[in-house]
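Structural features, examined
Given next are the chains, with one letter for each unit.
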Amino acid sequence: MQVVFHNFYGKKPIHILPLFDIHLGALACNEEALRRSLDRIYSGPRVYTIGGGDYAEYITKSDKRFDIGSLAPWMVTKESLSDPARAQTERIIEYFKPISKKFLGLISGNHEGSIYKYHERDVLGEVCRGIGRPELAMGYEGWLVLNFYETERSVTPDHVITIRLHHGFGGGKGEGAPMIAMQTMMFTNAADLTLMGHIHRRAVANPAVVERLDTNGNLVHDIRKGAYCGTFLATRIVGPSTYSAISGYTPTMAVGSPLITINPWASQPESKVEICS
């Protein structure tokens, strides 16, 4: 786990469009939707992004899940099939390079974890080095600390927003288990915002309200928010059966990510972090 700090100046809010569970290299990956999100990040003023893991399939030919029929057309070449991980990493880097300065951090997912465990290949590190941001490789989980200053002359931050990142775990196929997992993260991590993925759903959790006393003995309510950040992988497509369909995952209602607005200067605590799914 790593902690990454960022400084922002001025009272304008920032926006975050996370990129979780892209699964590049799969036939079911919606690269058109990915390009739209990347364009939005690139062209938007004060729009940033977070890499949430499972950037590509990273399923090697020796893996029991490997199915040449479920690969994207650009993967079905002699060169790509000679080293699928290299082909997918190079394409991810090609997509990410134009927005490299917009990344706040990048974590790995279970697909990056598997190829690291069984093939000793650090594809997250390759991606981060490829886009010129090696310092943003955070592992499977991490923290972002966003310091907000009114002006560049300010010495100490006027506001601090913390974000807890975790690729995700478990989940099951029902609606309840993922939200229990999210609530557990929100109540056991004192973060303003928790972002998770892995379950290929875009969903916003009910805010967690935590009571505490300030130094003067006044009652204060801290509001913690959380979201699952969606996917760019369709569960089912017309053509070969996908791994998701074979595993019985529920259909993905919409690809893409939630838009998060952070405005620490907001007058109401509940408005400091807003999530639009």
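Everything that follows concerns the structure shown earlier in this document.
Quick look at the structure, then. Note that this is a predicted model, so its numbers are computed, not measured.

Looking now at helix α3 (residues 84-96). With 13 residues, α3 should cover 18 Å at 1.5 Å per step; its first-to-last C-alpha distance of 18 Å lies within 8% of that length. Residues Pro84, Ala85, Ala87, Gln88, Thr89, Ile92, Ile93, Tyr95 and Phe96 constitute the buried set of α3. In this fold, the buried residues of α3 make contact with α1 (31-43), α2 (78-82), β4 (103-106), α4 (110-119) and α5 (123-130).

This paragraph deals with the sheet that holds strand β12 (residues 273-276). With respect to topology, 5 strands assemble into an open sheet ordered β4-β3-β2-β11-β12, the strand pairing being mixed. Only two strands of the sheet have a single neighbouring strand rather than two, namely β4 and β12. Neighbour-to-neighbour, the strand axes of this sheet turn through a mean angle of 20 degrees, independent of strand direction. In this sheet, β12 lies alongside strand β11 (residues 259-262) in antiparallel orientation, the contact comprising 4 bridges. Paired with Ile262 across the two strands is Val273, which belongs to β12.

Time to look at the packing of aromatic side chains. This structure, assessed with the given rule, holds 5 aromatic pairs. Consider the rings of Tyr9 and Tyr149, whose centres lie 5.2 Å apart with planes at 25 degrees: the pair is stacked. Residue Tyr9 is located in strand β1 (residues 2-9), and its partner Tyr149 is located in strand β5 (residues 141-149); the two are separated by 140 residues in the primary sequence. Note on Tyr149: relative accessible area 8%, which makes it buried. Judged by centre distance (5.9 Å) and plane angle (90 degrees), the rings of Tyr55 and Phe96 are edge-to-face. Of this pair, Tyr55 sits in the loop between β3 (47-51) and α2 while Phe96 sits in helix α3, and the two are 41 residues apart along the sequence. Ring pairs connect the aromatic residues Phe8, Tyr48 and Phe148, which therefore count as one cluster.

The subject of this paragraph is a nonpolar patch on the surface. A cluster of nonpolar side chains, namely Met1, Val3 and Phe5, defines an oily patch on the protein surface of about 330 Å² accessible area. On the accessibility criterion, Phe5 (55% relative accessible area) is exposed.

As for its placement among the helices and strands, Asp54 is situated in the loop between β3 and α2. Separated by 82 residues in sequence, Asp54 and Leu136 place their C-alpha atoms 16 Å apart. Setting aside its immediate chain neighbours within four residues, Asp54 contacts Asp21, Ile22, His23, Gly109, Asn110, His111, Glu112 and His167.

Right, let's talk about the layout of surface pockets for a bit. What the second largest pocket holds in volume is close to 300 Å³. Lining the second largest pocket are 18 residues, with Ile161, Asp192, Asp222, Ile223 and Lys272 sitting closest to its centre. Those elements that place two or more of their residues in the lining of the second largest pocket are β6 (159-166) and β10 (219-229). The greatest single-element share of the lining of the second largest pocket, amounting to 6 residues, is contributed by β10. For the lining of the second largest pocket, the per-class residue count stands at 9 nonpolar, 3 polar and 6 charged.

How each quantity is defined
Residues numbered from 1 in each chain as written. Predicted model: local features only at pLDDT ≥ 70, side-chain atom pairs only at ≥ 80, totals over all residues. Heavy atoms only, no water. Helix = DSSP H or I, 4+ residues; strand = E, 2+ residues; numbered from the N terminus. Expected span 1.5 Å × (residues − 1). Buried < 20%, exposed > 50% of the residue type's maximum accessible area, 1.4 Å probe, protein only. Contact = heavy atoms within 4.5 Å. Pairing = 2+ DSSP bridges. Axes fitted to C-alpha atoms, helices over the stretch in contact; angles between N-to-C directions. Phe/Tyr/Trp six-rings, centres within 6.5 Å; stacked < 30°, edge-to-face > 60°. Patch = residues over 30% accessible without salt bridge, like charges linked within 9 Å, V, L, I, M, F, W, Y side chains within 5 Å. Areas by Shrake-Rupley, 256 points an atom, 1.4 Å probe, with all protein chains shown as cover. Salt bridge = Lys/Arg side-chain N within 4 Å of Asp/Glu carboxyl O. 1 Å grid on protein atoms, 1.4 Å probe; cavity = no way out; pocket = protein on both sides within 12 Å on 5 of 7 lines; lining within 4 Å. Points joined across faces, edges and corners; volume = space filled by probe spheres on them. Nonpolar A, V, L, I, M, F, W, Y, C, P; charged D, E, K, R; others polar.

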